[in-house]
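Structure assessment
Next come the chains, spelled out residue by residue.
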Amino acid sequence: EPEVTQTPSHQVTQMGQEVILRCVPISNHLYFYWYRQILGQKVEFLVSFYNNEISEKSEIFDDQFSVERPDGSNFTLKIRSTKLEDSAMYFCASNADRGDTQYFGPGTRLTVL
Amino acid sequence: GIQVEQSPPDLILQEGANSTLRCNFSDSVNNLQWFHQNPWGQLINLFYIPSGTKQNGRLSATTVATERYSLLYISSSQTTDSGVYFCAVEGNFGNEKLTFGTGTRLTIIP
């Protein structure tokens, strides 16, 4: 069964450093998402992406964040200058159409020191 | 935006017991999914169920869209069922994002 993959599984970085989290969505999917989950809290929406542009973003997704689909398979989340409060699990998801099942990757656990 | 509430927040049961988890949402939805978050933090898709009833082994789910709630049933609980169960909905406003509830933490005691 096709699945969403994410790399790395764990990332440790120093405050102020840039990080790029990578995702490979399911190949025939058209809608892509990033969510995050701070330890012990619920999962929160960050951004959705369709037709090579952001379709919606949350208030969390400020100027420090950006997303890109650099080629036909990867979908990346960049945090330009990490803060301690960016420490969280970051999930990538994709689906074929609005309202369809969203399939989640296994997550990248980001720790900012 | 759409509000999602889950109950109970915590549930502790003996192995073999049955459980019912509830998800209430504040508006009509295009999509409703139930997830199990395992001890490694992965979100495991259990059901895609914007309406109706589905069953998968010991798990089943029912969504009554007109009354804006969904129920997840777990029968004959096993210790591997422990973890956090999340309900997530996509509102019927043309946005694609999922809004998650705060989850139910289920602990199954041997």
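Everything below is about the structure shown above.
This structure is a prediction, so every number in the text was calculated from the model and none was measured.

Right, let's get into the pattern of salt bridges. This model, assessed by the stated rule, comprises five salt bridges over all chains. The salt bridge partner of A:E56 is B:K97, with a shortest N-O separation of 3.2 Å. Note that A:E56 is positioned in strand β6 (residues 53-57) and B:K97 in the loop between β9 (83-91) and β10 (99-100), a pairing that runs across two chains. In this structure, A:R98 engages B:E96 in a salt bridge whose closest nitrogen and oxygen atoms are separated by 2.8 Å. Of this pair, A:R98 sits in the loop between β9 (88-95) and β10 (103-104) while B:E96 sits in the loop between β9 and β10, each in a different chain. For A:R98, a relative accessible area of 44% puts it in the partly exposed group.

Strand-to-strand pairing in sheets goes through backbone hydrogen bonds, with the strands running parallel or antiparallel. Residue and element names in this part refer to chain B. Ordered in space as β1-β3-β8-β7-β6, the five strands form an open sheet in which the pairing is antiparallel. One side of each edge strand has no neighbouring strand; the edge strands of this open sheet are β1 (4-7) and β6 (52-56). Neighbour-to-neighbour, the strand axes of the sheet open up by a mean angle of 15 degrees, direction not taken into account. Pairing between β6 and strand β7 (residues 59-64): five bridges, direction antiparallel. Residue pairing in the sheet places Q55 in a bridge with S60 of β7.

Residue and element names in this part refer to chain A. Pairing is antiparallel in the open sheet, where four strands are placed in the order β1-β3-β8-β7. Each having just a single partner strand, β1 (5-7) and β7 (65-68) make up the two edges of the open sheet. Each neighbouring strand pair of the sheet contributes to a mean axis angle of 20 degrees, computed without reference to strand direction. Alignment of strand β3 (residues 19-24) against strand β8 (residues 75-79), held across five bridges, turns out to be antiparallel. Bridged to C23 within β8 is F75.

Once that is clear, we can look at the state of the cysteines. By definition, a disulfide is the covalent link that joins the sulfur atoms of two cysteine residues. Residues and elements named next belong to chain A. The final tally for this structure, using the stated rule, is two disulfides over all chains. Note that C23 is cross-linked by a disulfide to C92, the S-S spacing being 1.9 Å. The S-S bond linking C23 to C92 shows a torsion near -60 degrees; that makes this disulfide left-handed. Of this pair, C23 sits in strand β3 while C92 sits in strand β9, and the two are 69 residues apart along the sequence. The exposure class assigned to C92 is buried, which follows from its relative accessible area of 0%.

Chain B puts 21 residues into the contact, and the matching count from chain A is 22 residues. At the boundary of chain B with chain A, total buried surface from both sides reaches about 1,700 Å², with 51% on carbon and sulfur atoms. Those elements that place two or more of their residues in the side of chain B that touches chain A are β4 (29-37), β5 (43-48) and β9 of chain B. Here the element with the most residues in the side of chain B that touches chain A is β4(B); it accounts for five residues.

Rules of the game
- Residues numbered from 1 in each chain as written.
- Chains lettered and ligands numbered in written order.
- Predicted model: local features only at pLDDT ≥ 70, side-chain atom pairs only at ≥ 80, totals over all residues.
- Heavy atoms only, no water.
- Salt bridge = Lys/Arg side-chain N within 4 Å of Asp/Glu carboxyl O.
- Helix = DSSP H or I, 4+ residues; strand = E, 2+ residues; numbered from the N terminus.
- Buried < 20%, exposed > 50% of the residue type's maximum accessible area, 1.4 Å probe, protein only.
- Pairing = 2+ DSSP bridges.
- Axes fitted to C-alpha atoms, helices over the stretch in contact; angles between N-to-C directions.
- Disulfide = S-S within 2.5 Å.
- Contact = heavy atoms within 4.5 Å.
- Buried area = accessible area lost by both parts, 1.4 Å probe.

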